[in-house]
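A structural walkthrough
One letter stands for each residue in the lines below.
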Amino acid sequence: MYNYFMLMGRLVKDPEVKEVGEGKRVMNVRLAVSRSFQNTKGEYDTDFFTIVFWEYLIDYAIDNLKKGQPVLIKGRMQTNKEELANGYQLAYPSLIGERIMFFNSQN
């Protein structure tokens, strides 16, 4: 079985790094990914994804990722669970980045 994603797109903004206790850091990257097909209006839609990076990639990425840059990100999906005040269990996916590949674009 496989649990991975691979997204190619452009960074919407510069990465944000946050401290999350005990010296651990997390970085969120917002990626715009254009669809390869047209919608019913003849336009190409764009999807936006937030990808989370932890410790080991932050130093490398923070020095190399800039707004508008084209990148390819590989990672895994993880389900987060949260209990709401009314007792309802909420489960939602997170995209955890594990590898960043840079490429040049002539566009």
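Residues numbered from 1 in each chain as written. Predicted model: local features only at pLDDT ≥ 70, side-chain atom pairs only at ≥ 80, totals over all residues. Heavy atoms only, no water.

**Describing the overall build of the protein**
Along its length, the protein carries one helix and six strands. Put simply, the protein runs from its N terminus to its C terminus through helices and strands in the order β-β-β-β-α-β-β. For the protein, the residues scored as buried account for 29% of the 107 residues in total. A fraction of 57% describes how many contacts in the protein between residues 6 or more apart in sequence connect residues 24 or more apart. Summed over all atoms, the accessible surface of the protein reaches about 7,800 Å², with 50% contributed by carbon and sulfur. Side-chain charges of the protein comprise 14 positive and 13 negative groups, with the mean position of each set lying 5 Å from the other. (Helix = DSSP H or I, 4+ residues; strand = E, 2+ residues; numbered from the N terminus. Buried < 20%, exposed > 50% of the residue type's maximum accessible area, 1.4 Å probe, protein only. Contact = heavy atoms within 4.5 Å. Areas by Shrake-Rupley, 256 points an atom, 1.4 Å probe, with all protein chains shown as cover. Lys, Arg positive; Asp, Glu negative; His and termini not counted. Charge placed at Lys NZ, Arg CZ, Asp CG, Glu CD.)

**A word on the packing of aromatic side chains**
Inspection of every chain in the model, using the stated rule, returns one aromatic pair. Look at Y2 and Y4: their rings are 6.2 Å apart centre to centre, the planes differ by 85 degrees, and that puts the pair in the edge-to-face class. In this structure, K74 is placed above the aromatic ring of Y4, and the distance from its NZ or CZ to the ring centre is 5.5 Å. (Phe/Tyr/Trp six-rings, centres within 6.5 Å; stacked < 30°, edge-to-face > 60°. Lys NZ or Arg CZ within 6 Å of the ring centre and 35° of its normal.)

**Things to note about the nonpolar core**
Among the nonpolar cores identified, the biggest contains 17 residues, and L31, I51, F53, L65 and I73 are the most heavily contacted of them. Going through the elements one at a time, β1 (5–11), β3 (25–38), β4 (44–54), α1 (55–64), β5 (70–83) and β6 (89–102) are the ones with two or more residues in this core. Considering every element that reaches this core, the biggest residue donor is β3, with four residues. Setting aside anything within four residues of it in sequence, one finds L31 in contact with L7, G9, R10, L11, V12, D47, F48, F49, I51, V71 and I73. (Core = buried A, V, L, I, M, F, W, Y, C linked by side-chain atoms within 4.5 Å.)

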